[in-house]
Amino acid sequence: MTKRYANLLTLLDKLQQTIFGRYIQEVWSIFFTLAKIMIPILLLVRIITLLGWVQYIATATEPLMSWVGLPGEMSLVLITAMTSNIYAAMAIFYQLNGPELLTIAQVSVLGSIILLAHGLPVEALIAKASGVSLLFTLTLRIGGGFFVGILLHHYYSYFQLLQESVPTLWQPELGRDDWFSWLQTQAQTLLITLAIIASLVAIIKVLRYLKIEKLIHYLLSPMLKL
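Residues numbered from 1 in each chain as written. Predicted model: local features only at pLDDT ≥ 70, side-chain atom pairs only at ≥ 80, totals over all residues. Heavy atoms only, no water.

Scanning the protein from terminus to terminus reveals 11 helices and zero strands. Ordering the α and β elements of the protein from the N terminus gives α-α-α-α-α-α-α-α-α-α-α. Looking at the 226 residues of the protein, the share that counts as buried comes to 31%. Summarising the internal contacts of the protein: among those between residues at least 6 apart in sequence, 69% fall at separations of at least 24. Per element, the accessible surface of the protein, about 14,800 Å² overall, is 71% carbon and sulfur. (Helix = DSSP H or I, 4+ residues; strand = E, 2+ residues; numbered from the N terminus. Buried < 20%, exposed > 50% of the residue type's maximum accessible area, 1.4 Å probe, protein only. Contact = heavy atoms within 4.5 Å. Areas by Shrake-Rupley, 256 points an atom, 1.4 Å probe, with all protein chains shown as cover.)

Next up, the structure:
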């Protein structure tokens, strides 16, 4: 048994040294880092939902969210994106049944704000390390996000653009509200997240192999130096 176990470890070690093995290791490392953040947040929002606090949060944030034409419930999605990452925000969006609540215009506004204001604890510290103050970074990212959100909201509303409901290519099945069904839904969301990460890592590796990544760096370097 000990010899078989040693042979298995040797085989796994050899597999890790292959290109495919390093790829799997990289994908799993990224996914595991995200999952450590996403799972506690998903559980917290689940508890908040069961306690009926979502409505209180929605009511409290309604005045602010109305500036960008979003319902108060979506403040939980924004808070999640700002304090953690886009993947966790996506999971909360589905947990709050976002596709049923919002129009295409509203999802566009929400996505634009998240694009400008996400992962702030980590990214603000990185900016601070490069000499930018925390206050400036947070004001620019959060304030800029809401400013763009306000502009888009009024633009879409004035011209009556994208006011139809959201056509979703995929979303988790929303069945019964028991814990088992909820766990199934979250597992489905996490698997989709894993698939997205695996695809992105594969694309980056292909770009790197074809030297396209170096070309992108070369073309962007003048702008990045600014």
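A word on the nonpolar core. Here is a general trend for soluble globular proteins: nonpolar side chains tend to be buried in one another's company. L70, M74, V77, L78, I92 and L110 are the most contacted members of the largest nonpolar core, which has 41 residues in total. Tallying contributions element by element places helix α2 (residues 19-50) first for this core, with 10 residues. (Core = buried A, V, L, I, M, F, W, Y, C linked by side-chain atoms within 4.5 Å.)

Axis separation between α2 and helix α5 (residues 86-95) bottoms out at 9 Å; the angle between their running directions is 25°. By the criterion of interaxial angle, the relationship of α2 to α5 is roughly parallel. As for how α2 packs across α5, the hand of that crossing is right-handed. In this structure, α2 contributes L34, M38, I41, L42, V45, R46 and T49 to the contact, and α5 contributes Y87, A88, A91, I92 and Q95. (Axes fitted to C-alpha atoms, helices over the stretch in contact; angles between N-to-C directions. Parallel < 35°, antiparallel > 145°, perpendicular 65-115°, else oblique. Left-handed = near helix turned anticlockwise from the far one by under 90°.)

For the rest of this paragraph, the subject is the pattern of salt bridges. Taken as a whole, this structure holds three salt bridges when the rule is applied. Measuring nitrogen to oxygen at the nearest pair gives 3.1 Å for the salt bridge that ties E26 to K205. Of the two residues, E26 sits in helix α2 while K205 sits in helix α10 (residues 179-209), which places them 179 residues apart along the sequence. Exposure remark for E26: the relative accessible area of 32% places this residue in the partly exposed category. (Salt bridge = Lys/Arg side-chain N within 4 Å of Asp/Glu carboxyl O.)

Quick look at the environment of I92 now. Its location among the elements puts I92 in helix α5. Using a relative accessible area of 0% as the deciding quantity, one classes I92 as buried. Counting along the chain gives 51 residues from I92 to I41, while the straight-line C-alpha distance between them is 8.4 Å. Not counting residues up to four positions away in its chain, the partners in contact with I92 are I41, L42, V45, L76, V77 and T80.

These values are about where atoms sit, not about what they do.
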